[in-house]
Amino acid sequence: MSSGPGTTVAEEPREAKAESRNRVALVIGAGSVKCAAALGLQKVLAREGIGVDMVVGCSGGSLYAALIALGIPVETAEEMTRRLWTRELTKKRHYASLLRAMLPQVFPFQESFGLVDDRLILERLKVAFGGRTFEEARIPLFLTATDFHNGEQVVFSSGSLVDAIRASIAIPYVFRPWKVGDRLFVDGFLCDPMPVGVAIKHGANVIVTLGFESPYQGRVTSVLRFAFQLSSIMSNNLLRANYAFHNLAHHTEILPIIPQFRERISLFDTDKIPYVIEEGERAAERELPYLRRLLSSTGE
Amino acid sequence: MQITIEKKEIVTVVSIEGSVDGMTAAHLIAAFREQIGGGSARLVGDLTSVDYTSSAGLRALLETVKDARQHGGDLRLAAVRPEVLRVLELSGFTSILQVFVDVDAAVASFTA
């Protein structure tokens, strides 16, 4: 359920401030633990003195977008997410949902369906972000989720961070959709796994993106894995289609940062976060020369 | 960015060296346009030495491929490095552009 009365959805966001003609956006798309690479990217940008005018996050990327926008140091952010995103999150089943799925004639099915008991993730989000709001962010922050009833992309830019992140990470079948106000939300990746359009809409010209395709199942051995496989197929095609459109529609530059992982990173490989951050840093360093030239040519 | 032009029978091979991005896109479009304007619309972009492409680079490729096709030809890519191919795939370009392992295969595709 929605928390405080301060929560607003799809409200007109605060305008991102730009100190020069460049308006740099950092867009962190879906990708669970891999999104920690954003901390490596942010490390490089901070070290090089490259300011970010807005941060956009979606799904797993919403966690890191919020941490970066709040100005939390990389080391602290790494520690926070290692404590927050662990395998225990999915250990406890949401039995009511299971019963409603298996015996709908006895226990009527409800749209707030999710196989995992989501109380732990909510508790951890509250520990990590407390009562913090978008208004406390040092950099304008936009987090996306999907309206469950009409598929619309909804951009959160004010109110409770916990509500917005919980909505943005409502992984289908796993976590129950999340209600904010009178709307029910599912994971932001379902409408756009890499919400570049939000940055374009809010006036960014140089858009640095970091996002990942959903992994395909090695072996499909259960109904849930079958559902995940279909979800990956659809979301990956959606990612490419939207990314193509945004690349062609944008008037300046979209710079993809693509970390190269030598090993498979699974949903809860929290212990690999330091390695993921390193790869994010390496990938950002590869694009740094061009980013510098671009900013100096399009800046003041 | 360095651009080298070479004729191979009915095909014009445009070898590009460097990044295809916002700083170089206009130069690349002009080079391709000159070839198409001169009657050489069958183009192969040799990307052996291209290490990066951004959205502006993708728009340059798209503009060229549309121009070439309108003039009865095509732009086909050859020897694309994995990091550049990844961007082409992510942005859906591999669904509209033909990509070949090397220049010879791309050139041969025009006469096949």
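All figures in this text were calculated on a predicted structure; none of them were measured in a lab. (Residues numbered from 1 in each chain as written. Chains lettered and ligands numbered in written order. Predicted model: local features only at pLDDT ≥ 70, side-chain atom pairs only at ≥ 80, totals over all residues.)

Kindly report on helix α3 (residues 82–90) of chain B, identifying the contributing residues and their values.
Listed in full, the buried residues belonging to α3(B) are B:V87, B:L88 and B:L90. Buried positions along α3(B) lie against α8 (223–249) and β8 (253–256) of chain A together with β3 (42–53) of chain B. Taken from the residues just after α3(B), B:G92 is the one with a positive phi, measuring 80°. (Buried ≥ 20, exposed ≤ 12 C-beta atoms within 10 Å, placed from the backbone. Helix = DSSP H or I, 4+ residues; strand = E, 2+ residues; numbered from the N terminus. Contact = placed C-beta atoms within 7 Å.)

Describe the interface of chain A and chain B, with residues and values.
Residue-level contacts link 17 residues of chain A with 16 residues of chain B. Counting residues per element, the ones that place at least two in the side of chain A that touches chain B are α8, β8 and α9 (273–298) of chain A. The greatest single-element share of the side of chain A that touches chain B, amounting to 6 residues, is contributed by α8(A). Partitioned by chemical class, the residues of the side of chain A that touches chain B number 10 nonpolar, 4 polar and 3 charged. (Nonpolar A, V, L, I, M, F, W, Y, C, P; charged D, E, K, R; others polar.)

Outline unusual backbone geometry, supporting the account with residue identities and numerical values.
Residue and element names in this part refer to chain A. For S59, which is not glycine, the phi torsion reads 55° and is therefore positive. Its location among the elements puts S59 in the loop between β2 (54–58) and α2 (60–70). Of the residues examined, S59 has 33 C-beta atoms within 10 Å and is grouped as buried. Positive phi, normally seen in glycine, also occurs at Y173, with a value near 75°. Position of Y173 relative to the elements: it lies in the loop between α6 (161–168) and β5 (178–180). Overall, the presence of 16 C-beta atoms within 10 Å leaves Y173 in the partly exposed class.

Describe the packing of helix α1 (residues 37–47) of chain A against α2(A), listing the residues and the values that go with them.
Residue and element names in this part refer to chain A. The interhelical angle for the contact between α1 and α2, taken along N-to-C directions, is 30°, at an axis separation of 9 Å. Relative to α2, the element α1 lies roughly parallel. Remark: the crossing between α1 and α2 carries right-handed chirality. The residues of α2 that touch α1, namely those facing A38, L39 and Q42, are G61, Y64 and I68. For the contact of α1 with α2, the per-class residue count stands at 4 nonpolar, 2 polar and no charged. (Axes fitted to C-alpha atoms, helices over the stretch in contact; angles between N-to-C directions. Parallel < 35°, antiparallel > 145°, perpendicular 65-115°, else oblique. Left-handed = near helix turned anticlockwise from the far one by under 90°.)

I'd love a proper account of the nonpolar core, names of residues and values included.
Core analysis: the largest hydrophobic core is formed by 116 residues, its most contacted members being A:A36, A:A38, A:Y64, A:A65, A:A66 and A:A199. Excluding residues that lie within four positions of it along the chain, A:A199 makes contacts with A:A25, A:V27, A:M54, A:V56, A:A204 and A:I207. (Core = buried A, V, L, I, M, F, W, Y, C linked by C-beta atoms within 7 Å.)

Report on the environment of A:A167, specifying residues and quantitative values.
Residue and element names in this part refer to chain A. By the element assignment, A167 lies in helix α6. Taking the C-alpha atoms as reference, A167 lies 21 Å from P215; in sequence the two are 48 residues apart. Not counting the four nearest positions on each side in its chain, A167 is found in contact with A145, W178, V180 and F185.

I'd love a proper account of the environment of A:F113, names of residues and values included.
The residue A:F113 is located in the loop between α4 (95–102) and α5 (119–129) in this model. With 25 residues separating them in the primary sequence, A:F113 and A:R138 have C-alpha atoms 35 Å apart.

Tell me what's going on with the sheet that holds strand β5 (residues 99–100) of chain B, and back it up with residues and numbers.
Residue and element names in this part refer to chain B. Taking strand neighbours across the sheet as the criterion, the 5 strands line up as β1-β2-β3-β4-β5 in an open arrangement whose pairing is mixed. Edge positions in the sheet fall to β1 (2–8) and β5, since each of these pairs with one other strand and no more. In the packing of helix α1 (residues 25–37) onto the sheet, the strands contacted are β1, β2 (11–20) and β3, and the crossing angle to β2 comes to about 175°. Strands in contact with helix α2 (residues 55–70) are β2, β3 and β4 (74–78); relative to β4, the strand with the most contacts, it is inclined by about 135°. (Pairing = 2+ DSSP bridges.)

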